[in-house]
Amino acid sequence: MKRRQFIKHTSLTGVGLAVGSSILGCDDTNSKKITEDHKSVITDLKSLPLVIATWGVKDATSKAMEVLQAGGNALDAVEQGCRIEEANEKGQSVGKGGLPDRDGNVTLDACIMDKHGNCGAVVYLKNITHAVSVARKVMEDTPHVMLAGEGALQFAISQGFEPEELLTEASKSAWEKWKVEAKYKPIINIENHDTIGMLAIDKNGDISGACTTSGLAYKMAGRVGDSPIIGSGLFVDNEIGAAVATGLGEEVVKTVGSFLVVELMRQGKSPQEACEEAIHRIVKKPNSNYKDFQVGYIAVNKKGETGSYSIHQWFSMTKFQDGVNEQIQSDFYNKTDHS
Ligand code: SD4
């Protein structure tokens, strides 16, 4: 996948909520009439619904947009969108076909968060492809926020999820090659795509998000990253906006990254500025060895503005808005090593 083109992409579209949700789905005739009188309003009308996701996952954003266009809510959209990549065996960092831990076990982490601030998560889940849907069940059908390991698996089975082998031939053979040298070093970017984090705003202007991953390839058995941790891998505040992270989870957890991005937006920063500041918190730490790892954030605010930023080049965001489903290269911090 070529990621040669660099596009700075702070979206300035969308102040939809200012004009009220009732007209967001209005027909063309109304749009034109309003446009003639108030030129700025046309952007607003076009801006919602919208969906963004980490990396190049147009099939996933397309599925989410299909749900949103049909009048579905943002929660259904992000779950359905993530399921596309979980089922895609070619993606080796999510769901079925994910790369295993050092011992050859595929273990999944996922979480989901709705417009009310409800959330659910699963960690170290084995043998169930759709971890994001199990996370949703945890949120909706238990008094808890997070289930781990065997308990998460048993819960999933009790909810009708079918256990299956998640280690595909391709991932098994990649693991066997890795075992020859067994170097334990996080890879900066996995070209193709990586952890999928997805954020959506529906026609009512409500926000939800989800995040799903098989975590770092060849991690230590039992290791859990940022992706299922509310506030680190994902955070949604329906009054302000939402953010989701990808990359070396340990670094995201240490800075409670997604919560930080949302709080920065609460203080008035745009999604782009907030993502940049959250990355700066990581790279500007004394003795930060940021040259050795990647972290990327994407964010959306209540107005439908979006942003993304990473430490290194080649992080991207897929965005579906105004009928355009596109992969956009992210701006990044470390320009000196990528000039
Ligand atoms: C983790 N953040 O488990 C995930 C993995 C990831 O790019 O996003 N890799 O740390």
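These figures come from a predicted structure and were not determined experimentally.

Calculation rules
- Residues numbered from 1 in each chain as written.
- Predicted model: local features only at pLDDT ≥ 70, side-chain atom pairs only at ≥ 80, totals over all residues.
- Heavy atoms only, no water.
- Phe/Tyr/Trp six-rings, centres within 6.5 Å; stacked < 30°, edge-to-face > 60°.
- Helix = DSSP H or I, 4+ residues; strand = E, 2+ residues; numbered from the N terminus.
- Buried < 20%, exposed > 50% of the residue type's maximum accessible area, 1.4 Å probe, protein only.
- UniProt positions renumbered as here; feature names shortened; annotations may be inferred.
- Contact = heavy atoms within 4.5 Å.
- Polar contact = N/O pair within 3.5 Å; in protein donor to acceptor, adjacent residues only side chain to side chain.
- Pairing = 2+ DSSP bridges.
- Axes fitted to C-alpha atoms, helices over the stretch in contact; angles between N-to-C directions.
- Salt bridge = Lys/Arg side-chain N within 4 Å of Asp/Glu carboxyl O.
- Parallel < 35°, antiparallel > 145°, perpendicular 65-115°, else oblique.
- Left-handed = near helix turned anticlockwise from the far one by under 90°.
- Nonpolar A, V, L, I, M, F, W, Y, C, P; charged D, E, K, R; others polar.

What about the packing of aromatic side chains?
In step 1: As enumerated under the stated definition, the model contains 4 aromatic pairs in all.
In step 2: When the centroid spacing of 5.1 Å and the interplanar angle of 85° are considered together, the rings of Trp 55 and Phe 315 count as edge-to-face. Of this pair, Trp 55 sits in the loop between strand E1 (50-54) and helix H3 (58-69) while Phe 315 sits in the loop between strand E10 (306-310) and strand E11 (316-321), and the two are 260 residues apart along the sequence.
In step 3: Residue Phe 315 is classed as buried on the basis of its relative accessible area, which comes to 0%.

What about the UniProt feature "binding site: substrate" (unreviewed entry) in the chain?
In step 1: Per the UniProt record, the feature "binding site: substrate" (unreviewed entry) sits at Arg 223, Val 224, Gly 225, Asp 226, Thr 246, Gly 247, Leu 248 and Gly 249.
In step 2: Looking at the element boundaries, Thr 246 is found in strand E8 (residues 241-247).
In step 3: Here Thr 246 is in contact with Thr 54, Trp 55, Asp 194, Thr 195, Gln 294, Val 295, Gly 296 and Phe 315, once residues within four sequence places are set aside.
In step 4: Mapped onto the secondary structure, Leu 248 falls in the loop between E8 and helix H8 (249-254).

Things to note about the side chain of Glu 251
In step 1: Tracing the backbone through its elements, the reader meets Glu 251 in helix H8.
In step 2: In this structure the side chain of Glu 251 is engaged in a polar contact, spanning 3.0 Å, whose partner is the side chain of Lys 254.
In step 3: Sequence-distant contacts of Glu 251, defined by excluding residues within four places in its chain, comprise Ile 282, Lys 285, Phe 293 and Val 295.

Things to note about the environment of Leu 68
In step 1: The topology assignment puts Leu 68 in helix H3.
In step 2: On the basis of relative accessible area, Leu 68 is assigned to the buried category, the value being 0%.
In step 3: Each C-alpha atom of the pair Leu 68 and Ala 200 lies 8.6 Å from the other, and the pair is 132 residues apart in sequence.
In step 4: If sequence neighbours within four positions are ignored, Leu 68 has contacts with Pro 49, Leu 50, Val 51, Asn 73, Ala 74, Ala 77, Ala 200, Ile 201, Asp 202 and Lys 203.

Examining the sheet that holds strand E9 (residues 295-301)
Strand pairing within a sheet occurs via backbone hydrogen bonds; the two strands may be parallel or antiparallel.
In step 1: Read from one edge of the open sheet, 5 strands run E7-E8-E9-E10-E13, paired in mixed fashion. Of all strands in the sheet, those with a lone pairing partner are strand E7 (234-237) and strand E13 (331-332), marking the two edges.
In step 2: For E7 and E8, the ladder comprises 4 bridges, and the chain directions are antiparallel. Its bridge partner lying in E8, Val 236 is registered against Ala 242.
In step 3: Its contacts with the sheet place helix H9 (residues 257-266) against E7, E8 and E9, and it is angled at close to 145° to E8.
In step 4: Against the sheet, helix H10 (residues 271-283) touches E9, E10 and E13, its axis set at about 20° to E10.

Topic: unusual backbone geometry
In step 1: Going from Leu 48 to Pro 49, the amide bond is cis rather than trans, its omega being 0°.
In step 2: Following the sequence through the fold, Pro 49 ends up in the loop between helix H2 (41-47) and E1.
In step 3: In this model, Trp 314 sits at a positive phi of 85°, which is unusual for a non-glycine residue.
In step 4: Secondary-structure assignment places Trp 314 in the loop between E10 and E11.
In step 5: If you check the backbone angles, Asp 322 has positive phi at about 55° while not being a glycine.
In step 6: Classification of Asp 322 as partly exposed rests on a relative accessible area of 34%.

Let's talk about the pattern of salt bridges
In step 1: In the structure shown here, the tally under the stated rule is 14 salt bridges.
In step 2: Across the salt bridge formed by Arg 266 and Asp 237, the nearest N and O atoms sit 2.5 Å from each other. Of the two residues, Arg 266 is situated in helix H9 and Asp 237 in strand E7; the sequence distance between them amounts to 29 residues.
In step 3: Between Asp 331 and Lys 335 there is a salt bridge, with the nearest N and O atoms lying 2.9 Å from each other.
In step 4: Look at Lys 335 and you get partly exposed, because its relative accessible area is 40%.
In step 5: Each of Asp 76, Glu 79, Arg 136 and Glu 140 takes part in salt bridges that share partners, so that together they form one network.

Looking at the packing of H9 against H10
In step 1: Orientation of H9 relative to H10, taken along the N-to-C sense of each, is 135°, at an axis distance of 8 Å. In terms of orientation, H9 lies oblique with respect to H10. Crossing geometry of H9 relative to H10 is assigned as right-handed. Judged by residue contacts, Gly 257, Leu 260, Val 261, Leu 264 and Met 265 of H9 engage Pro 271, Ala 274, Cys 275, Glu 277, Ala 278 and Arg 281 from H10.
In step 2: For the contact of H9 with H10, the class distribution of residues is 8 nonpolar, 1 polar and 2 charged.

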